[in-house]
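# Topology and contacts: notes
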Amino acid sequence: MKGTAFITGATSGFGDAIARRLSKEGYKIIALGRRRDRLEKLVKEIKNTHIIECDIRDKDALFEAVKNLPESFKDIEILVNNAGLALGIDGILQTSVDDLETMIDTNIKGLLYSTKAVLPIMAARKSGYVFNLGSTAGAWPYPGSHVYGASKAFVKQFSRNIRNDLKGTGIRVTEIAPGICKTEFSEVRFKGDIERANEVYAGVEPITAQDIATIVVNCINMPKHVNINIVELMATAQTWAGLHVEKN
Ligand code: NDP
Ligand code: 8X3
């Protein structure tokens, strides 16, 4: 049996696929998310899993959950900071402050809390691997991406910056920055409007959650002296739209 992999946002999409894949690879799994029914389903379907029903924005609950991990799950070797979301695709003028704050609190502050809670365990073991889910939106602007893209730009620079501080700890850090992937992401973005969500993927072969899980495993399996700083990927069908010029 390998060590433990802690996956945030394991109730859906990438997190669910990564949990199932790492379990197959022999890791014990800590699965975090808010939806208890999904967590309970996961725990029945994959072995050696500990679930944490928690809102990643709840700093105290998160630190408490990590402090009180069962003894057999304390050997965290891998952290996948995956929980995140976009809300809406209206412009900055139309988007509510509540939605903007939810993205910041989840994608930036939530990721910070799980990192801060877990890193001391890895540092003490002198070994570990942190994956941070960024996005192409963290590097490439598009209309309606405002705070979502900016939160993923934080993930990009945070991932690079902490590598400097982790020198000598043996901890590897990789940002995975995907483009269009079919998960529940668009359903959440469009607040349950399935038709609108499906339009995003119509006529496109998007990246799948399984593709992201494969990237995670391939990165882990690189020799320990190799740190992959960033994996940016797009569907083959996705390219850049170019710069826009407003004409009179
Ligand atoms: P999903 O909507 O399918 O999954 C999101 C996961 O995040 C769910 O498990 C959800 O769990 C969890 N989550 C959201 N908010 C919270 C919260 N407050 N507390 C705890 N967990 C939370 O989307 P994806 O799998 O696609 O997204 C995963 C990550 O990948 C996100 O960070 C996203 O930004 C990023 N990404 C997605 C892309 C895509 O096109 N799909 C492309 C690039 C990046 P629950 O609701 O149960 O709490
Ligand atoms: C999700 C991909 O292009 O919708 O991060 O921002 S995109």
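Above this text is the structure in question.
Report follows, based on the coordinates. Residue positions are given per chain, counting from 1 as you read along its sequence in written order. The naming scheme follows written order: chains are lettered A onward, ligands numbered 1 onward. Local features in this predicted model are restricted to residues whose pLDDT is 70 or higher, and side-chain atom pairs enter the listing and the counts only when it is 80 or higher, whereas totals over whole chains, interfaces and linings include all residues. Side-chain measures were taken over the full set of non-hydrogen atoms in the model, leaving aside hydrogen atoms and water.

### Side note on the pattern of salt bridges
Any Lys or Arg side-chain nitrogen located within 4 Å of an Asp or Glu carboxyl oxygen qualifies as a salt bridge. Counted by the stated rule, this structure contains 16 salt bridges. Arginine 125 serves as the salt-bridge partner of glutamate 77, at 2.6 Å between the closest nitrogen and oxygen. Here glutamate 77, found in strand β4 (residues 76-81), pairs with arginine 125, found in helix α4 (residues 97-125); they are 48 residues apart in sequence, far enough to count as distant. Its relative accessible area of 13% is what places glutamate 77 among the buried residues. Beyond isolated ion pairs, a larger network of salt bridges with shared partners links Asp16, Arg20, Lys41 and Glu45. The helix count covers DSSP runs of H or I at least four residues long, the strand count covers runs of E at least two residues long, and both are numbered beginning at the N terminus. Exposure is judged per residue with a 1.4 Å probe applied to protein chains only, and the accessible area is read against the type maximum: over 50% gives exposed, under 20% gives buried, and values in between give partly exposed.

### Details of the packing of aromatic side chains
Think of it this way: a Phe, Tyr or Trp ring, Trp meaning its six-membered ring, pairs with another when their centres are within 6.5 Å, and the plane angle makes it stacked under 30 degrees, edge-to-face over 60, tilted otherwise. Taken as a whole and judged by the stated rule, the model has four aromatic pairs. Taking 4.2 Å as the distance between ring centres and 5 degrees as the angle between the ring planes, the aromatic pair formed by tyrosine 129 and phenylalanine 131 counts as stacked. Across this residue pair, the class does not change: tyrosine 129 and phenylalanine 131 are buried. Seen in terms of ring centroids, tyrosine 148 and phenylalanine 185 are 5.6 Å apart; in terms of plane orientation they differ by 55 degrees. Their pairing is tilted. Taken together, the positions of tyrosine 148 in helix α5 (residues 146-165) and phenylalanine 185 in helix α6 (residues 185-189) put the pair 37 residues apart, joining distant regions of the chain.

None of this, on its own, says anything about what the molecule does.
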